[in-house]
Amino acid sequence: MSKFSKQIISKRFIILALIGGITFIGIRYYNISLWYILIAGIISGVVFGKVFCRWACPMGFIMELVMSLNPDNKLSQMYQYHKFGCPIAWISGYLNKISIFKIRLNLQTCKTCGLCDKQCYISTLEPTKYSLYKEDKLNPANTYTCSKCLKCVEVCPNESLKYKI
Ligand code: SF4
Ligand code: SF4
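Residues numbered from 1 in each chain as written. Chains lettered and ligands numbered in written order. Predicted model: local features only at pLDDT ≥ 70, side-chain atom pairs only at ≥ 80, totals over all residues. Heavy atoms only, no water.

Caption draft 1: Highlighting the layout of surface pockets. Estimated volume of the largest pocket: approximately 500 Å³. The wall of the largest pocket is formed by 24 residues, among which Ile8, Phe48, Trp55, Leu150 and Tyr163 lie closest to the centre. At the level of secondary structure, the elements contributing two or more residues to the lining of the largest pocket comprise helix H1 (3-10), helix H2 (12-29), helix H3 (34-48), helix H4 (52-55) and strand E2 (161-164). Here the lining of the largest pocket is composed, by residue class, of 17 nonpolar, 4 polar and 3 charged. Lining the second largest pocket are 17 residues, and of these Leu34, Phe52, Cys57, Cys86 and Ile88 lie nearest its centre. By residue class, the composition of the lining of the second largest pocket is 15 nonpolar, 2 polar and no charged. (1 Å grid on protein atoms, 1.4 Å probe; cavity = no way out; pocket = protein on both sides within 12 Å on 5 of 7 lines; lining within 4 Å. Points joined across faces, edges and corners; volume = space filled by probe spheres on them. Helix = DSSP H or I, 4+ residues; strand = E, 2+ residues; numbered from the N terminus. Nonpolar A, V, L, I, M, F, W, Y, C, P; charged D, E, K, R; others polar.)

Have a look at this one:
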């Protein structure tokens, strides 16, 4: 992964705060209809999967902030929150299966270190069912609950996971 991509992922929370703040101001002070937000969520879902919650949603920002206060339960809370979410999350979650951009594994370079699974709330909480690199398990990145935090991509030491077309 390029240094630039890593920097973007490492700044995700700041990006969420900025875009989430702009979204909130648009809704609250400029009367932007929630229908436009829903349409934006669907279009971004078709292209990128369920990115809205972790990269652009004001409520997602607040929830993530609150969940950070209890680091011991953070993964479990993340899992529950992204399992239920809101109408945008419901629709874009299902689009994870068909989105144009996906998290893709290069089996040739994967060293099976397992770091990716440890970063992911889905494979951490349901290790018998999901894995980002084990071929006999389901890929958590394609499930409804994946919120495209891209932590798995960021942590892979040899760029075996890439978020790409
Ligand atoms: S972190 Fe990368 S190298 Fe390690 S298991 Fe995951 S994909 Fe393979
Ligand atoms: S982007 Fe990766 S680490 Fe984040 S929820 Fe999806 S599969 Fe898990």
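Here the narrative resumes.
Caption draft 2: Structural context of the site of ligand 1. As a structural note, the neighbourhood of ligand 1 is formed by 14 residues, with Cys110, Cys113, Gly114, Cys116 and Cys156 the closest of them. Along the lines of polarity and charge, the residues of the shell around ligand 1 split into 9 nonpolar, 4 polar and 1 charged. (Near = heavy atom within 4 Å.)

Caption draft 3: Fine view of the pattern of salt bridges. Scanning all chains against the criterion turns up 4 salt bridges. Residues joined by salt bridges that share partners form a network here, namely Arg12, Arg54 and Glu64. (Salt bridge = Lys/Arg side-chain N within 4 Å of Asp/Glu carboxyl O.)

Caption draft 4: Quick peek at the side chain of serine 131. Tracing the backbone shows serine 131 in the loop between helix H9 (121-125) and helix H10 (151-155). A distance of 2.7 Å separates polar atoms of two side chains, one belonging to serine 131 and the other to aspartate 117. With residues up to four places along the chain from it excluded, the contact list for serine 131 reads Asp117, Ser123, Lys137, Leu138, Asn139 and Pro140. (Polar contact = N/O pair within 3.5 Å; in protein donor to acceptor, adjacent residues only side chain to side chain. Contact = heavy atoms within 4.5 Å.)

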